[in-house]
Structure formats: structure tokens, C-alpha cells
Amino acid sequence: MKRLISILMVLLALGGTLHAQSHKGYESFNMQRAIAHLQQDDDEGAYNYLMRELDDNPKNGYAHLQMAWVLARKGSYQTAVDQATLAIKYIPKGDKESVCQAYELRGRLYYSLEDYVSGLNDFDKCVSFEPDNAEYYNHRADGYSFLDQKEKARQESLKVIKLDPNNAKALTRLGIIAFGQEKFEEAIRYFDRSEQVTTDNFPLYLSRATVYLDLKNYDAAARDVVRALALDKNQDRYLQWMAHNILQHSKESLMSRLMIQANKEPSNFYWPYQIGMYYQYCDDYAMAIEWLAKANNLQESETTFSHIAQCYYELGVFDQALKAIDKAIERDNTFAPFYATKADICYELMGVDSSIALMDQAIALAPEFGWYYHHRGWHKSLKKDYEGALEDLTASVSLIPDYAYNYSVRGDCYHHLGDEASARRDYRKAIECDTIDSVPTCAYYAQYYLGNEEEAIRLLNKSLESKERGAHYDAACLYSEMGKKNLALEHLRKAFEEGWCRFRHLELDSDLDNIRQEPEYKVLVKEYKAKHEEAVSKVIRLY
């Protein structure tokens, strides 16, 4: 919201610089030159002449007003407040229009500084000067909204509508307030009225999409999400969250609207990029690669290359994944996540040592990111460097103390080093972190290692029922550890059938040691390796 206020300030400032030049305060050479520079959007030139004017005439309220506009555009809000205050002090009281303009600017500046009470006081002054100006009530409604005084914001918005029935901002705000009161039909009516006034209204589509999402009208929500994205492509984090919710219920509706938008703007990389991202989210990696490649053909981006790499990785096409992530790193060799992605890829291609070396680079670039220490510690444990793994996992615990896998893997390391008391402590902590209002992802291992086999199976079944990605592979590992070989092999087959294809990890994972020499295991791995290689050959190699 602060960003929107700043944009409005800039727009108003451009108009304000040309205001009331007939007043005596504008007659000097310095003021005339300042205005000329402002007309050319040259704030630096205007600033220099305004400084000269204020040196010569420190009580020129109009110079203070223009300086406030310039400083507001620079983002120097507090200094701009000081200048607006001097403008209010020195502008002749008979010039109510300019005094009101100074109060309005200062009120907006106070909002940008999150001093909403002072801002409201200034807009009260504006209303006293011009009680029929709808925008001043709009500003007061903004202030009450910031202070979470919804009923006052609603009343001010109704005053706006009384003066200006087609005020899109007030109509949108009334819709948002009605939605907050769970008056969904009323909210949509206000939003629809606002849309009749203008279709160039990002808050409208964002808000109405939220209402439709709550009402489970996913088709209408998809329509408004895409409209909002089209209006402001920099405001898409919350929109992404909404889109992901829509994808779970109405994938076709969202995708078709995005594709229509891509056809409307065929030279804009943004739309194929978004489509690719959503296919990736839906685990349709081949389609994701196709659309991400279209985005790159329009405008290459290291982020797009990284997502292509991740999709190839999930498909098990590791050589192509490596080429794509290398392209991302070529474009930006300072971004730690690229090295982490490359570490996962190289682990499957070259083994654990290459992965550890790449995580060294990621940690050097982002030493405060706990997951990198976990990743490196886990891989050290795979090569039985348990002391090195403990060091990394302990660092990760200090940075992300609620990450269950830290304790699960560290517990394994303590166990291998013969420190059973520490192992049991970490297993209990893993259970605590992994079973709070969530689908378990590792607590079943910890329960088993603590001797609670029945509870381990119960938690594992909960994970399997949720269709958690990778759950069948985890089941294979756990049943192998339990010595239940038939169940382990059954779940390993299901993991392969779901597309699990990390055969390098399969060779290193000690959890499967109990079934590794079984003839059925060898046949199973050989069968699915061949199927995987056949599938890989069909994936379009874009890079």
C-alpha cells in the first residue's frame, strides 16, 4: 500500500509543480527557472534553483511547496514534510487553494511515513477548506483503513460516492470492506460497479478474485487473477498464491486464460513464463519446459533457465538440467540458489563429492541460509563423514530450529557415532517439529528408531494417504529398515511408477541395504532404469 501512495504522490506532484504560477511567489528568476525545469521533469535542476530561491527568500511558501514536491518524488518523505510545513506557514492565508494543496501533500507524506493520525488531521483541514471535494474523503478513508477502523473508512467512502457516484477507488474500497464483513454479494456488487467505471483497476481485480476464491468460484477467480496480472506484473506474489489455489481446483480455466493473454501479447515473455511456472507447480514438467523455453526465446532470463533446470531434474534428464543451470550461472554467478540447484543435479550425475563442493559455493554466497548447511550435512552423512555432517547439521539447527529433517539426519549421525542419548534426543525433536498440524515427512523414521514401530507405521500411512510427493520411496526405505522386504519392494515399485528416478541416490541410500541384494530388487531397478532411459529419450532437448 505504501508503494501505491508513493505513486499517487508522484502523479499529484507533477500536476502540482505547474500550480498557481500567477502568484507573487513565482515571479522571481529562480522560481521561473525552477518551474521551467519541473515542466521538463528535471527535478535536479529544479532543486538547485529552489535552493537558490530559499537562500534569497526563506519565507517564500510557494518555493517550500515546490521543494516538498521534489523531495517527495525523491522519496525523502520526512524532509518533504518539513518543507510542506513551512509552505503551510508562509503561503498567504488568502490563497486557500495553495494552502490546501500543501496540507494534502503533507497528509500523503505522513501516510508514507505511517503516521496516519497526523495524515488524517491534515485531510480534516482539506475538508474544512473544500467540503465538496470527494478526493479528500477518499484520503480520509485511506487513513482509517490504515488504522483498521473499517466502519469509519466505510462512512468516508460513502461520502465520496454521494459526491462522486462513479468514484472507482471508493467503490473498490467499499467492496473490500464488505468482503471483510463476509457480505460477499454486496462486495461483488461494489466491485462490478467499479469495473463499469474503469477496467484499469488493479486493486479491484485483486480483491474480487479473493472474494471469488473464498466462494469457490474458481473460473471467475481465474479471470480476475489474469486481469490483475495484466495490469501489474510486479505485484504477483499474492496473485501467485491465489493462482496455486485455483490450479488445485480448476487448472484448465486458469491455463486457458493465461494462454489467451499470451496470444494477445505474443512478444511479451511474461505470459509463457507464467504458464511454464504453473505447469511446473502442477508437476507437468515437459509442458513447463516447453513454455519456459518460449519465454526464453522472447527474453532470456537466468531465473527461467533455473526453472528449466529444475524441471529437467524432476524428469531425471540430468545432463540437460546441468546445461540449463550452467546458463543461469553464466548470467549471474552470485546467486546462491543456482549453485544449490546445480548441487542436486551434479549429485545425480557425478556423486556426492561434486554436490558438497557446489554447496560450499552456495554457503560462501549465502552463509546465513540454514538449508544449505542441512543439504551439505546430509550429503556428508551419505559418504559416512558423520562428524563433518554433525557440524553442518548443528549450524543448520541454529539457523532453522524448527526444521524436522535437521534432527532426523543428525540423530542418524549420532547413532552411527555411538552417541545414543543424543540420537534419541534428536529423534524426539524431529517428531515434535514434524507432527504439528502437518503431514509427517520424517517423524515415522524417528518413531521407528525410538522403538515405536506401530506409531511409525501409523504416521507413514498418514503421509501415504495425503499423496505426499516421495512418500512411497520413504515407505520403501522405512520398511527396508524394519526388515519387511516385500512391503519395501512393493512401495519402491510404486515410487518408480509415480516417476521417482533418482538412481544415483538409490545406490547410496543405506536405508535400502536390507533389500539391495534381493533378486527382485535388482530386477525392479533394471526394469525402471530402462523405462526411465526410454522416457528421457522422448523429452524434447531444448538446450
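Above this note sits the structure.
Let me sum up the structure you'll find in this document. Computed from a predicted structure; not experimentally measured.

### Brief notes about unusual backbone geometry
Here is step 1: Here the phi dihedral of Glu-114 falls at roughly 65°; this positive angle occurs in a residue that is not glycine.
Here is step 2: Following the sequence through the fold, Glu-114 ends up in the loop between helix H6 (96-112) and helix H7 (116-129).
Here is step 3: With a phi angle near 60°, Asp-148 is a residue other than glycine that sits in the positive phi range.
Here is step 4: Among the secondary structure elements, Asp-148 is positioned in the loop between helix H8 (134-146) and helix H9 (150-163).

### Some thoughts on the packing of helix H21 (residues 370-382) against helix H23 (residues 404-416)
Here is step 1: Where H21 contacts H23, the two axes come as close as 10 Å, and the packing angle between them is 30°. Of the possible angle classes, the one that applies to H21 and H23 is roughly parallel. Our pair here, H21 against H23, has a crossing hand that is left-handed. In this structure, H21 contributes His-374, Trp-378 and Ser-381 to the contact, and H23 contributes Tyr-405, Asn-406, Val-409 and Cys-413.
Here is step 2: Here the residues of the contact of H21 with H23 sort into four nonpolar, three polar and no charged.

### Some words on the packing of helix H12 (residues 202-214) against helix H14 (residues 237-264)
Here is step 1: In contact at an axis separation of 11 Å, H12 and H14 are set at 30° when each is read in the N-to-C sense. Seen from above, H12 lies across H14 with left-handed handedness. On H14, the residues touching Phe-202, Leu-206, Ala-209, Thr-210 and Leu-213 of H12 are Tyr-238, Leu-239, Trp-241, Met-242, Asn-245 and Ile-246.
Here is step 2: Here the residues of the contact of H12 with H14 are counted per class, giving nine nonpolar, two polar and no charged.

### Focus on helix H5 (residues 77-90)
Here is step 1: Over its 14 residues, H5 runs 20 Å from end to end, which matches the ideal 20 Å to within 8%, given 1.5 Å per residue.
Here is step 2: Residues Tyr-77, Ala-80, Val-81, Gln-83, Ala-84, Ala-87 and Ile-88 constitute the buried set of H5. One face of H5 carries all of its buried residues, which in axial projection span an arc of 165°.

### Section: the pattern of salt bridges
Here is step 1: Applying the stated criterion across every chain yields a total of 37 salt bridges.
Here is step 2: One salt bridge connects Glu-195 with Arg-208, and the closest N-O pair in it is separated by 2.9 Å. Of the two residues, Glu-195 is situated in helix H11 (residues 184-197) and Arg-208 in helix H12; the sequence distance between them amounts to 13 residues.
Here is step 3: The class of Arg-208 is buried, set by a relative accessible area of 1%.
Here is step 4: Across the pair Arg-410 and Asp-426 runs a salt bridge whose closest N-O atoms are separated by 2.6 Å.

Calculation rules
Residues numbered from 1 in each chain as written. Predicted model: local features only at pLDDT ≥ 70, side-chain atom pairs only at ≥ 80, totals over all residues. Heavy atoms only, no water. Helix = DSSP H or I, 4+ residues; strand = E, 2+ residues; numbered from the N terminus. Axes fitted to C-alpha atoms, helices over the stretch in contact; angles between N-to-C directions. Parallel < 35°, antiparallel > 145°, perpendicular 65-115°, else oblique. Left-handed = near helix turned anticlockwise from the far one by under 90°. Contact = heavy atoms within 4.5 Å. Nonpolar A, V, L, I, M, F, W, Y, C, P; charged D, E, K, R; others polar. Expected span 1.5 Å × (residues − 1). Buried < 20%, exposed > 50% of the residue type's maximum accessible area, 1.4 Å probe, protein only. Arc of directions from axis to C-beta. Salt bridge = Lys/Arg side-chain N within 4 Å of Asp/Glu carboxyl O.

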